[in-house]
Amino acid sequence: MIERINPPGLSPATGFSHAVAATGSRLVLLAGQTALDAAGKVVGDTLPEQFERALGNLLAALAAAGGTPGELARVTVYAVDVGQYRACAPELGRIWHRLAGRDYPAMAVIGTTRLWDEQALVELDGIAVLT
């Protein structure tokens, strides 16, 4: 079971949850996913295109472990350009809603100078608690 906690004394939780309490029978740790296709090539030229593929890859790994997007307790986003990420936030939110629904895990966005694949603009990793 996932309980999203957003206390009224904190800033509004837009696109994330302040805290997530999770109880379940299986913990799934999801490795960082970028916009790699099945051949190992980065696809997508824009941050939204790469975010959609990276999130899709993360959710595919979760599904292979028997989980659903609603069971994500924590996601960390690594972005090579946090300013660009903020500028694209509305579109990224629409992508999240379409692929993962309207419930958000606890999240953080971390700026980095580069990712493993030089063409990658964004990477997502996560933790899920399956019930």
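Above: the structure in question.
All figures in this text were calculated on a predicted structure; none of them were measured in a lab. (Residues numbered from 1 in each chain as written. Predicted model: local features only at pLDDT ≥ 70, side-chain atom pairs only at ≥ 80, totals over all residues. Heavy atoms only, no water.)

Student: Please give an account of the nonpolar core that cites residues and values.
Tutor: Grouped together as the largest cluster of nonpolar side chains are 27 residues, with contacts concentrated most on Phe51, Leu72, Val75, Trp96 and Leu124. For this core, the elements supplying multiple residues, two or more each, are strand S3 (26-33), helix H1 (47-64), strand S4 (72-79), helix H3 (89-100) and strand S6 (122-130). Setting aside chain neighbours within four positions, we find Leu124 in contact with Ala31, Gly32, Gln33, Phe51, Ala54, Leu55, Leu58, Val75, Thr76 and Val77. (Core = buried A, V, L, I, M, F, W, Y, C linked by side-chain atoms within 4.5 Å. Buried < 20%, exposed > 50% of the residue type's maximum accessible area, 1.4 Å probe, protein only. Helix = DSSP H or I, 4+ residues; strand = E, 2+ residues; numbered from the N terminus. Contact = heavy atoms within 4.5 Å.)

Student: Please set out the environment of Gly66 residue by residue, giving values where relevant.
Tutor: Along the chain, Gly66 falls in the loop between H1 and S4. Overall, the relative accessible area of 54% leaves Gly66 in the exposed class. Taking C-alpha positions, Gly66 is 9.9 Å from Thr131, a pair spaced 65 residues apart along the chain. Contact partners of Gly66, with chain neighbours within four places excluded, come to Glu71 and Leu130.

Student: Break down a nonpolar patch on the surface for me, citing the residues and quoting the values.
Tutor: Taken together, the side chains of Leu27, Leu29 and Ile127 make up a nonpolar region of the molecular surface, amounting to roughly 300 Å² of accessible area. Taking relative accessible area as the criterion, Leu27 reaches 56% and is therefore assigned exposed. (Patch = residues over 30% accessible without salt bridge, like charges linked within 9 Å, V, L, I, M, F, W, Y side chains within 5 Å. Areas by Shrake-Rupley, 256 points an atom, 1.4 Å probe, with all protein chains shown as cover. Salt bridge = Lys/Arg side-chain N within 4 Å of Asp/Glu carboxyl O.)

Student: I'd like a rundown of the layout of surface pockets, residues and numbers included.
Tutor: Its boundaries defined by the atoms lining it, the largest pocket holds a volume of some 440 Å³. Lining the largest pocket are 16 residues, and of these Thr14, Gly15, Tyr85, Ala89 and Val109 lie nearest its centre. The element best represented in the lining of the largest pocket is H3, accounting for 5 residues. The class makeup of the residues in the lining of the largest pocket is 12 nonpolar, 3 polar and 1 charged. (1 Å grid on protein atoms, 1.4 Å probe; cavity = no way out; pocket = protein on both sides within 12 Å on 5 of 7 lines; lining within 4 Å. Points joined across faces, edges and corners; volume = space filled by probe spheres on them. Nonpolar A, V, L, I, M, F, W, Y, C, P; charged D, E, K, R; others polar.)

Student: Any details on the packing of H1 against H3? Residues and values, ideally.
Tutor: Across the interface, H1 lies against H3 with an axial gap of 10 Å and an inter-helix angle of 25°. Considering their axes alone, H1 and H3 lie roughly parallel with respect to each other. Viewed along their axes, H1 and H3 form a crossing whose handedness is right-handed. Residue-level contacts link Leu47, Pro48, Phe51, Glu52, Leu55, Gly56 and Leu59 of H1 to Glu91, Leu92, Ile95, Trp96, Arg98, Leu99 and Ala100 of H3. Classifying every residue of the contact of H1 with H3 by side-chain character gives 10 nonpolar, 1 polar and 3 charged. (Axes fitted to C-alpha atoms, helices over the stretch in contact; angles between N-to-C directions. Parallel < 35°, antiparallel > 145°, perpendicular 65-115°, else oblique. Left-handed = near helix turned anticlockwise from the far one by under 90°.)

Student: Explain the packing of aromatic side chains to me, using residue names and the numbers behind them.
Tutor: A full pass over the atoms with the stated rule returns 2 aromatic pairs. Note on Phe51 and Tyr85: the rings are 6.3 Å apart at their centroids and 70° apart in plane angle, and the pair reads as edge-to-face. You can see Phe51 sitting in helix H1 and its partner Tyr85 sitting in helix H2 (residues 82-87), a full 34 residues away along the chain. Of the two residues, Phe51 and Tyr85, neither departs from the other in class, the shared state being buried. An angle of 25° between the planes, with centres 5.8 Å apart, marks the rings of Trp96 and Tyr104 as stacked. For the residue pair Trp96 and Tyr104, the accessibility class agrees, reading buried in each case. (Phe/Tyr/Trp six-rings, centres within 6.5 Å; stacked < 30°, edge-to-face > 60°.)

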